[in-house]
Amino acid sequence: MIFYFSATGNTKWAAIQLAKVTNEKLVYIADAVVEEQYSYELAEGERLGFAFPVHGWRPPKLVRDFVERLQISSPSIPYCYALCTAGDDIGLTIDYLNSSLSKNSSLAAIGIKEVASAFSLVMPETYVGLPFMDVDTKENELRKKAEAADKLKLIGSHVIEYEKGVFLLDNSRWPRINSNVIGAFFEKHLITDKPFHVTEDKCVKCGICANVCPVNDIIGGHGKKPQWKHNGMCLTCFNCYHHCPHHAIEYGNRTKNKGQYHY
């Protein structure tokens, strides 16, 4: 079973490819949280996989909270692995995931305290919330996708063979600073829907932004101007921004004249 979270589609693509290799079920974490579905049963030999994007050199808080509440029953100790996607490096992302795993008594009961193997894929950039950050050029986007597809074949070969101790990760030069310091600032100050707004003369009230928000943070729909709920659920994944067909959604002044991307 593969528990995955994805917004703009990079991780969804990767999780689908792994599911084809392992012939195992995909569970979308955002839907599971909305439905308050945290209990699952694994078959003999079934793997336990987690796939997610890196947010601020950490797993998204939604993913960490889900992992800490997850209840798994299994007839034997399952092979547990993680696959994360990032525009560049991942810092201590896997350490943060392992911390969440270690807090879960249900997983400890079946012998899971950390992942046996972990992998990362460099994928096209999606974070546009800071002045110096933008989507990749088309050339870089295509290059990253091609390189990720090749690496994912290798990752799949490790996963299908239940290989432990394999860590194919894109590490940073300053992992502790990135994950612990910058990541803390990111979660405290930059994960917020408050700067989101609509340029009214561009918005056609199509409802796409509300439909693609993974945490249902947007009040809207066809014929309605979108409004963000400001309820603390926003992941600042920019899925609404990237999917807007008329580039009517902006994040303060930080996204003006920037590109859009979704897989």
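Residue numbers restart at each chain and count upward from 1, following the sequence in its written direction. The model is predicted, so local features are restricted to residues of pLDDT at least 70 and side-chain atom pairs to those at 80 or more, both for listing and for counting; the totals for chains, interfaces and linings are taken over all residues. For side-chain calculations, the full set of non-hydrogen atoms in the structure is used, while hydrogens and water are omitted.

Brief notes about the pairing of strand β11 (residues 224-228)
For two strands to be treated as a pair, DSSP must find no fewer than two bridges joining them. Secondary structure is summarised from DSSP: a helix means a run of H or I of at least four residues, a strand means a run of E of at least two, and numbering begins at the N terminus for each. With three bridges connecting them, strand β10 (residues 218-221) and β11 associate as antiparallel partners. Among the inter-strand pairings, Ile219 is bridged to a residue of β11, identified as Gln227. Adjacent in sequence and paired antiparallel, β10 and β11 are bridged by two residues, among which Gly223 carries a positive phi angle near 85°.

Thoughts on the packing of helix α1 (residues 10-22) against helix α6 (residues 138-160)
Direction vectors running N to C along α1 and α6 enclose 40°, while the axes themselves pass 10 Å from each other. The angle between α1 and α6 falls in the class oblique. Read as a crossing pair, α1 and α6 show a hand that is right-handed. Between α1 and α6, the residues in contact are Trp13, Ala14, Gln17, Leu18, Val21 and Thr22 and Ala148, Ala149, Leu152, Ile155, Gly156, Val159 and Ile160, respectively. Residues are grouped as follows: Ala, Val, Leu, Ile, Met, Phe, Trp, Tyr, Cys and Pro are nonpolar; Asp, Glu, Lys and Arg are charged; every other residue, Gly included, is polar. The class makeup of the residues in the contact of α1 with α6 is 10 nonpolar, three polar and no charged. Axis definition: a line fit to C-alpha positions, over the contact stretch in the case of helices; interaxial angles, taken between N-to-C directions, run 0 to 180 degrees. When an angle is under 35 degrees it counts as roughly parallel; over 145 it counts as roughly antiparallel; between 65 and 115 it counts as roughly perpendicular; any other value is oblique. Handedness of each helix crossing follows the sense of rotation of the near helix against the far helix: counterclockwise by less than a right angle gives left-handed, clockwise gives right-handed. Only heavy atoms matter for contacts: two residues are in contact if any of them lie within 4.5 Å across the pair.

Points about helix α4 (residues 93-102)
Classification of residues uses two cut-offs on accessible area relative to the type maximum, computed with a 1.4 Å probe and protein chains only: under 20% is buried, over 50% is exposed, and between them is partly exposed. For α4, the complete set of buried residues consists of Thr93, Ile94, Leu97, Asn98, Ser100 and Leu101. Looking straight down α4, one finds that the buried residues subtend no more than 160° of arc, so they occupy a single side. If you follow the buried residues of α4, they end up packed against β4 (48-53), α3 (61-69), β6 (80-86), α5 (105-109), β7 (117-122) and α7 (175-190). Think of it as the arc spanned by the lines of direction from the helix axis to the C-beta atoms.

Quick word on α7
Each residue after the first adds 1.5 Å to the expected span of a helix. Over its 16 residues, α7 extends only 19 Å from the first C-alpha to the last, a length that falls short of the 22 Å expected when each residue adds 1.5 Å. Asn178, Ser179, Gly183, Phe186 and Leu190 are the residues of α7 that are buried. Those residues of α7 hidden inside the fold are in contact with α4 and β12 (249-251).

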